[in-house]
Amino acid sequence: MGGGHRRGVRILLMGDPGVGKTSLILSLVSEEFPEQVPSRAEEITIPPDVTPEKVPTHIVDYSEREQSVEQLRAEINHSDVICIVYSVEDEDTLDHVTSHWLPLIRSTLGQVHHTPVILVGNKVDLVDYSTMEIVLQTMMEYPEIETCVECSARTLKNISEMFYYAQKAVLHPTAPLYILEERD
Ligand code: GTP
Ligand code: MG
């Protein structure tokens, strides 16, 4: 882990259409909820001095409407960390995390890969329940998932935290569980 000299952290957001990927990115950048968003945000570079870990951070959006699966696979290959976004108010988008998005990452990078994944449940402003119980189950089945967070692009809840967790997953990865088990 040569943390000190890396060129930056490249964060890819992917997930079902309409879950709020573009809104999350533009909320982070403008610190307010954008009512109108394009389908895909331009690649954004956050200068090191304003990031918690002091590394330049590149944030990459994905949109099914504008990009092919091949283009997505290329972005997966180039990313240091991947945020899979779902909407807490749309169960299908959470189901697709395990039925589609995690398998797509594995089929691109290999069954065992070292790109950390963060599960991001957006739109918590719309519900009064949590999806954490389901998500913790998923985390046990997929060791590549580093952490999970529920947030809202609308209220800005946990938005900066989400991007901080992504940076941290790259710069200070935690040892996967199976390594701890091997010591016994
Ligand atoms: P695609 O580009 O089609 O893949 O969608 P996307 O994932 O980029 O979603 P987008 O940011 O375009 O948001 C979809 C819709 O959800 C828009 O109407 C947003 O205003 C709305 N939205 C996004 N985030 C939130 C949120 O946190 N809360 C609420 N209530 N609405 C949100
Ligand atoms: Mg979008």
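Up top is the structure these notes are about.
What counts, and where the lines are drawn
Residue positions are given per chain, counted from 1 along the sequence in the order it is written. Each chain is given a letter, starting from A, and each ligand a number, starting from 1, according to the order in which they appear as written. Confidence filtering applies because this is a predicted model: local features only for residues at pLDDT of at least 70, side-chain atom pairs given and counted only at 80 or more, and all residues used for totals across whole chains, interfaces and linings. To get the side-chain values, take all heavy atoms of the structure and skip hydrogens and water. A helix here means a DSSP run of H or I that spans at least four residues, while a strand means a run of E at least two residues long, and both kinds are numbered starting from the N terminus. Three exposure classes are used, based on accessible area relative to the maximum for each residue type with a 1.4 Å probe and protein chains only: buried under 20%, partly exposed in between, and exposed over 50%. Only N, O and S atoms count as donors, using a 2.8 Å limit from the metal and a wider 3.2 Å limit for Na, K and Ca, and since water is excluded some coordination spheres may look unfilled. Helix axes are fitted only over the stretch in contact, all axes being lines through C-alpha atoms; the angle between N-to-C directions runs from 0 to 180 degrees. The scheme is simple: roughly parallel for angles under 35 degrees, roughly antiparallel for over 145, roughly perpendicular for 65 to 115, oblique for anything else. Contacts between residues were defined by any pair of non-hydrogen atoms, one from each residue, lying within 4.5 Å. In this classification, Asp, Glu, Lys and Arg are treated as charged, Ala, Val, Leu, Ile, Met, Phe, Trp, Tyr, Cys and Pro as nonpolar, and every other residue, Gly included, as polar. This arc describes the spread of directions from the helix axis toward the C-beta atoms. Residues are called lining when one of their atoms sits within 4 Å of a cavity or pocket point, these points coming from a 1 Å grid over the protein atoms alone, where a cavity is a set in which a 1.4 Å probe fits but cannot get out and a pocket is an open set with protein on both sides within 12 Å along at least five of seven lines. Grid points are joined across faces, edges and corners, and a volume is the space filled by probe spheres set on the points. Salt bridge, as used here: a side-chain nitrogen of Lys or Arg that lies within 4 Å of a carboxyl oxygen of Asp or Glu.

(A) Structural detail: unusual backbone geometry. At Glu-31, a position not held by glycine, the phi torsion is positive, near 55 degrees. By the secondary structure assignment, Glu-31 is in the loop between helix H1 (21-30) and strand S2 (44-46). The backbone phi angle of Leu-156 is positive, close to 70 degrees, even though this residue is not glycine. In this fold, Leu-156 is placed in the loop between strand S6 (145-150) and helix H5 (159-171). Leu-156 gets classed as partly exposed once you look at its relative accessible area, which sits at 31%.

(B) How the structure looks around the coordination of the magnesium ion (ligand 2). Looking at the magnesium ion (ligand 2), the protein donor atoms are Thr-22 (OG1) and Ser-39 (O), and they sit 2.0 to 2.1 Å from it. With Thr-22 in helix H1 and Ser-39 in the loop between H1 and S2, this residue pair connects regions lying 17 residues apart in the sequence. A residue is classified by how much of its surface remains accessible, and Ser-39, at 23% relative accessible area, is partly exposed.

(C) Structural context of the packing of H1 against H5. The geometry of H1 relative to H5 is characterised by a closest axis approach of 9 Å and an angle of 100 degrees between their N-to-C directions. Considered as vectors, H1 and H5 are oriented roughly perpendicular to each other. Where H1 approaches H5, its residues Leu-24, Ile-25 and Leu-28 are matched on the opposing element by Ile-159, Ser-160, Met-162 and Phe-163. In terms of residue class, the contact of H1 with H5 is built from 6 nonpolar, 1 polar and no charged.

(D) Structural view of helix H2 (residues 69-78). Inspection of H2 places Leu-72, Glu-75 and Ile-76 among the buried residues, and these make up the whole buried set. The buried side chains of H2 occupy one side of the element, clustering within an arc of 105 degrees when seen end-on. Across H2 from its buried face, at more than 90 degrees, point the exposed residues Glu-70 and His-78. Against the buried residues of H2 lie strand S1 (9-15), strand S3 (57-60), strand S4 (81-87) and helix H3 (91-109).

(E) View of the layout of surface pockets. Within this model, the second largest pocket holds a volume of roughly 390 Å³. For the lining of the second largest pocket, the leading source of residues is H1, giving 3 residues. Counted by class, the lining of the second largest pocket contains 8 nonpolar, 9 polar and 8 charged residues.

(F) Just helix H4 (residues 132-141), in detail. All buried positions along H4 are accounted for by Val-135, Thr-138 and Met-139. Considered in projection along H4, the buried side chains sweep an arc of 105 degrees and stay on one side of the axis. Structural note: H4 exposes Glu-133 and Met-140 on the side pointing more than 90 degrees away from its buried face.

(G) Representation of the pattern of salt bridges in the model. This structure, assessed with the given rule, holds 4 salt bridges. Put simply, Glu-43 and Arg-10 hold a salt bridge, and the shortest N to O gap is 3.1 Å. With Glu-43 in the loop between H1 and S2 and Arg-10 in strand S1, this pair connects stretches of sequence that are 33 residues apart. Ionic pairing is found between Glu-144 and Arg-106, a salt bridge with its closest N-O pair at 2.7 Å. Taken as a pair, Glu-144 in the loop between H4 and S6 and Arg-106 in helix H3 lie far apart in primary sequence, 38 residues in all. Judged by relative accessible area, which is 9%, Glu-144 ranks as buried. Accessibility expressed as a relative area gives 17% for Arg-106, which makes it buried.

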